[in-house]
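What follows is the residue order along each chain.
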Amino acid sequence: MIHSLIVFQICKVYHGQGTCQFRDGHTYKGDLKHGLLHGKGQFSWTDGTVYRGEFKNNEITGVGRYQWPDQSTYDGQVKNGLRHGQGKYVNTKEGVEYQGEWRDGMRHGQGTLTYKNGSVYEGEWQRGMKWGHGKMTYASGNYYEGQWADNKRNGQGTMYWLTSDEKYEGNWEDNFQSGFGAHIWLDGTTDSKLLRNRYVGYWKLGQRNGKGTFYYSNGSKYEGEWKENYKHGQGVFTFEDGTTYAGPFQNDRMVDRAVPQKEAQQIAAQQ
């Protein structure tokens, strides 16, 4: 919490170095000019918060350091008592650290936030939230790079799941794959995209939903409608041998065609 400082003509007869004691218990020690806090000094609040740095005409403005009772600190530029400009905030108790731009006491502009678990966000901020273009590297090594809004993945972006060799590139809404995008299940044993499972189409709340095409690693393909990750509605399935089924699907099953059990198991296993 930032403490604003509004004091009118205290110690007005003093000019130079001095110490001021306020009625509410706060104290100031440092430079004075025509009775105003001006220059370098230290202001201490009764709750234990301390600011050391520059003052201008009774305002905490310039460059300085805040230290709060929980031992969290801020070092950098301030304006009217608020973090404003370039600065670094460290909270060892919570294990977080932010280095970058501030506006009116909030993260705003370019900056890097490091979390206790090792996750790191590097990118744009607005009004204290991830907003704009940024990269989030999670503790697992998985990472997302793209657009953010309201602290969530929103807009165009790419997510890499290194732990499971997957990649999604497309649209996001409130942290979910939503809209049009392509998801690839990578295979480390080959560089050929034809030998990978791929889905290209529409999504809703992180699930395949709407029109889309699933390319199977064995060469077969489904093109049609999806609902909650299942083939559902009208579609065309092209088998590995080139034969096709065109018709309705329901909960991943072909409604008007009997599929041999072995063949059905192979299809299901590749999804």
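Residues numbered from 1 in each chain as written. Predicted model: local features only at pLDDT ≥ 70, side-chain atom pairs only at ≥ 80, totals over all residues. Heavy atoms only, no water.

A. Expanded view of the pairing of strand β13 (residues 152-161). One ladder, built from six bridges, connects strand β12 (residues 143-149) with β13; its direction is antiparallel. Looking across to β13, one finds that Ala149 is bridged to Lys152. Hairpin connection of β12 to β13: two residues between the antiparallel strands, including Asp150 at a positive phi of 55°. Note that β13 and strand β14 (residues 166-173) share seven bridges and pair antiparallel. Bridge assignment links Gly157 to a residue of β14, and that residue is Gly170. Connecting β13 to the antiparallel partner β14 that follows it, the hairpin turn spans four residues, and Asp165 within it adopts a positive phi of roughly 55°. (Pairing = 2+ DSSP bridges. Helix = DSSP H or I, 4+ residues; strand = E, 2+ residues; numbered from the N terminus.)

B. Local environment of the confidence of the model for the protein chain. With 87% of its residues at a pLDDT of 70 or more, the protein chain has an overall mean of 90. Across residues 4-12, where pLDDT falls below 50, the model places 22 contacts with residues more than four positions away in sequence or in other chains. (pLDDT = per-residue confidence, 0-100. Contact = heavy atoms within 4.5 Å.)

C. Structural detail: the pattern of salt bridges. As enumerated under the stated definition, the model contains four salt bridges in all. Across the pair Asp75 and Arg65 runs a salt bridge, and its minimum N-O distance is 2.7 Å. Of the two residues, Asp75 is situated in strand β6 (residues 73-79) and Arg65 in strand β5 (residues 59-67); the sequence distance between them amounts to 10 residues. Take Asp75: its relative accessible area is 33%, and that puts it in the partly exposed class. (Salt bridge = Lys/Arg side-chain N within 4 Å of Asp/Glu carboxyl O. Buried < 20%, exposed > 50% of the residue type's maximum accessible area, 1.4 Å probe, protein only.)

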